[in-house]
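Examining the three-dimensional arrangement
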Amino acid sequence: MDTFAFIIHPIDPKRDVSRKFPLLGRVLNERQIDFFSTFFPPVFISEIEGISSQTTGKEIKGWFIACPYTPRRMMELPERTVYRKIIQTGRMAEKLGAQILGLGAFTSVIGDAGVTIANALDVPVTTGDSYTVTVAVDSIREAARVMDIPLSGATAAVVGATGAIGQVCAELLAEDVERLYLIGRRQAALEELRDRLQVRARAELIVSTKMDVLANAQLILTVTSAIHDVIRPEHLQPGSVVCDVARPRDVSAMVAAARDDILVIDGGMVDVPGSVDFHFNFGFPPGKAYACMAETIALALEGRFEDYTLGKHLTRERVEEIGAMAKKHGFRLSGFRSFEREVTPQHIETVRRNAKNALHLRAVHP
Ligand SMILES: NC(=O)c1ccc[n+]([C@@H]2O[C@H](COP(=O)([O-])OP(=O)(O)OC[C@H]3O[C@@H](n4cnc5c(N)ncnc54)[C@H](OP(=O)(O)O)[C@@H]3O)[C@@H](O)[C@H]2O)c1
């Protein structure tokens, strides 16, 4: 049977450590987990079984293995120390017999996005970023549809637009919408991106380093590598849709608490073909995976045991190819979730009603 492995790591330190080590998660505080994670070895998490292609019937198995570092630790430690730990975790995948290795969350963000790691390992490596783009853009298109926001007349924004995932998301959305804000931290990099996208874009492209411009956007796709939230309730207009692809999240939990007139959806969740059992709870309902996991699994189902998505410059060709490959094997966009809860049709209806009321109030009392 063909095989794959996928590296995960604690994102919300207390919650995620508790999922594997309930006692440690209970007694250690977040700062202590950050500190001790430096000395922890890679951890075997679980065997993954039950995946089968909808088209070919091929069955594969895989493993979750964990790099113990938290996002904060990966940002604080020297890059080569982080690479060393991820490579050590990759060696565990090799010993297990994995034929392809996926890098989850921050293990794909750090440094050159997988290139150094792939060079050091014998097993082929992918970050999963190409399929994450496909799923993120499809999610926001679908969310626009259910919220009755016609794409061709919409104002959208990509936050983290200069990033590996953000750039291609911006490229694709620029062909859909009327106006697109490219938001990031570096003005010069944003302008360079705008000039590059301008050639094919249908949208008017506006660059900004300020989150305040989000108040102009109806559709927001956010995908920064910030280790804290960057989007807060006051940034958003009633009736807007925010697709949060980042892990850790970009959207503050305060948005869910304070704004019942906005639809926030978790980006990057798909149904896995077959009757998959991950033998580990990473926070999704049964049968569903992150898009970056799905890319690794789709490559294993296809028998494409090669370095696939690596580095900070994704190509549109790869994004389209992996989208078609995943579709062929039966990966599908899942129903929406928001802050780890299912988004029901009633929830969408409530958001639409509250947004209408809020906009009416604004018109009456500007
Ligand atoms: N849901 C999924 O399946 C999935 C899959 C893969 C990755 N991800 C997540 O996607 C995110 C981005 O990954 P990536 O590989 O595209 O990262 P990346 O290439 O490092 O890009 C990150 C982007 O975020 C911006 N940024 C960083 N810190 C920021 C801050 N404090 N405020 C505002 N902007 C900030 C960066 O701006 P500069 O250009 O100025 O540095 C850059 O534009 C990560 O959270 C990762 O975990 C999710």
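Throughout what follows, the structure given in this document is the object of discussion.

Rules used throughout
Residues numbered from 1 in each chain as written. Predicted model: local features only at pLDDT ≥ 70, side-chain atom pairs only at ≥ 80, totals over all residues. Heavy atoms only, no water. Near = heavy atom within 4 Å. Polar contact = N/O pair within 3.5 Å; in protein donor to acceptor, adjacent residues only side chain to side chain. Areas by Shrake-Rupley, 256 points an atom, 1.4 Å probe, with all protein chains shown as cover. Helix = DSSP H or I, 4+ residues; strand = E, 2+ residues; numbered from the N terminus. Nonpolar A, V, L, I, M, F, W, Y, C, P; charged D, E, K, R; others polar. 1 Å grid on protein atoms, 1.4 Å probe; cavity = no way out; pocket = protein on both sides within 12 Å on 5 of 7 lines; lining within 4 Å. Points joined across faces, edges and corners; volume = space filled by probe spheres on them. Salt bridge = Lys/Arg side-chain N within 4 Å of Asp/Glu carboxyl O. Buried < 20%, exposed > 50% of the residue type's maximum accessible area, 1.4 Å probe, protein only. Contact = heavy atoms within 4.5 Å. Pairing = 2+ DSSP bridges. Right-handed = clockwise from strand over helix to strand, strands pointing away. Phe/Tyr/Trp six-rings, centres within 6.5 Å; stacked < 30°, edge-to-face > 60°.

Near the ligand you find 26 residues, and of these Thr-162, Ala-164, Arg-185, Arg-186 and Arg-247 are the closest. Between an oxygen atom of the ligand and a side-chain N or O atom of Thr-162, the distance comes to 2.7 Å. Arg-186 is positioned with one of its side-chain polar atoms (N or O) 2.7 Å from an oxygen atom of the ligand. Burial of the ligand by the protein amounts to 91% of the accessible area it has alone, namely 940 Å². For the shell around the ligand, the secondary structure elements donating two or more residues are helix H7 (129-146), helix H8 (164-173) and helix H11 (291-302). For the shell around the ligand, the per-class residue count stands at 13 nonpolar, 8 polar and 5 charged.

Another aspect to go through is the layout of surface pockets. In this structure, the second largest pocket occupies an estimated 260 Å³ of space. In terms of lining residues, the second largest pocket is bounded by Ala-256, Arg-259, Asp-260, Ile-262, Val-264, Ser-338, Phe-339, Arg-341, Glu-342, Val-343, His-347 and Val-351. Looking at the lining of the second largest pocket, the elements with two or more residues in it are strand E17 (341-342) and helix H13 (345-364). Here the lining of the second largest pocket is built from residues that sort into 6 nonpolar, 2 polar and 4 charged.

Let's shift gears to the pattern of salt bridges. Two side chains that carry opposite charge are able to pair once their charged atoms sit near each other. Taken as a whole and assessed by the stated rule, the structure comprises 28 salt bridges. Notably, a salt bridge pairs Arg-145 with Glu-142, separated by 2.7 Å at the nearest N-O pair. With a gap of 3 residues between them, Arg-145 and Glu-142 both fall in helix H7, about one helical turn apart. Ionic pairing is found between Arg-352 and Glu-349, a salt bridge with its closest N-O pair at 3.6 Å. Highlighted residues: Arg-352 and Glu-349, both in helix H13, separated by 3 residues, approximately one helical turn.

With respect to the helices and strands, the residue Val-109 is situated in the loop between strand E4 (101-103) and helix H6 (115-120). According to the relative accessible area criterion, Val-109 is partly exposed, its value standing at 25%. Contact partners of Val-109, with chain neighbours within four places excluded, come to Ser-225 and Lys-312.

Moving on: the pairing of strand E11 (residues 263-266). Neither face of E11 is exposed, since Leu-263 and Ile-265 on one face and Val-264 and Asp-266 on the opposite face are all buried. The sheet contact formed by strand E10 (residues 241-244) and E11 spans 4 bridges and is parallel. Residue pairing across strands places Cys-243 opposite Ile-265, the latter belonging to E11. You can see the chain leave E10, run along helix H10 (residues 253-258) and come back into E11, and the turn it takes is right-handed.

Under the criterion given, the structure shown has 12 aromatic pairs. For the ring pair Phe-64 and Phe-278, a centre distance of 5.5 Å and an interplane angle of 20 degrees mean the geometry is stacked. Linking Phe-64 in strand E3 (residues 59-66) with Phe-278 in the loop between strand E13 (274-277) and strand E14 (288-290), this pair joins segments that are 214 residues apart in sequence. For the pair Phe-64 and Phe-278, a shared accessibility class is recorded, and that class is buried. For the pair Phe-64 and Phe-280, a centre-to-centre distance of 6.3 Å together with 75 degrees between the ring planes defines the contact as edge-to-face. Residue Phe-64 is found in strand E3, and its partner Phe-280 is found in the loop between E13 and E14; the two are separated by 216 residues along the sequence. A relative accessible area of 1% means that Phe-64 is categorised as buried.

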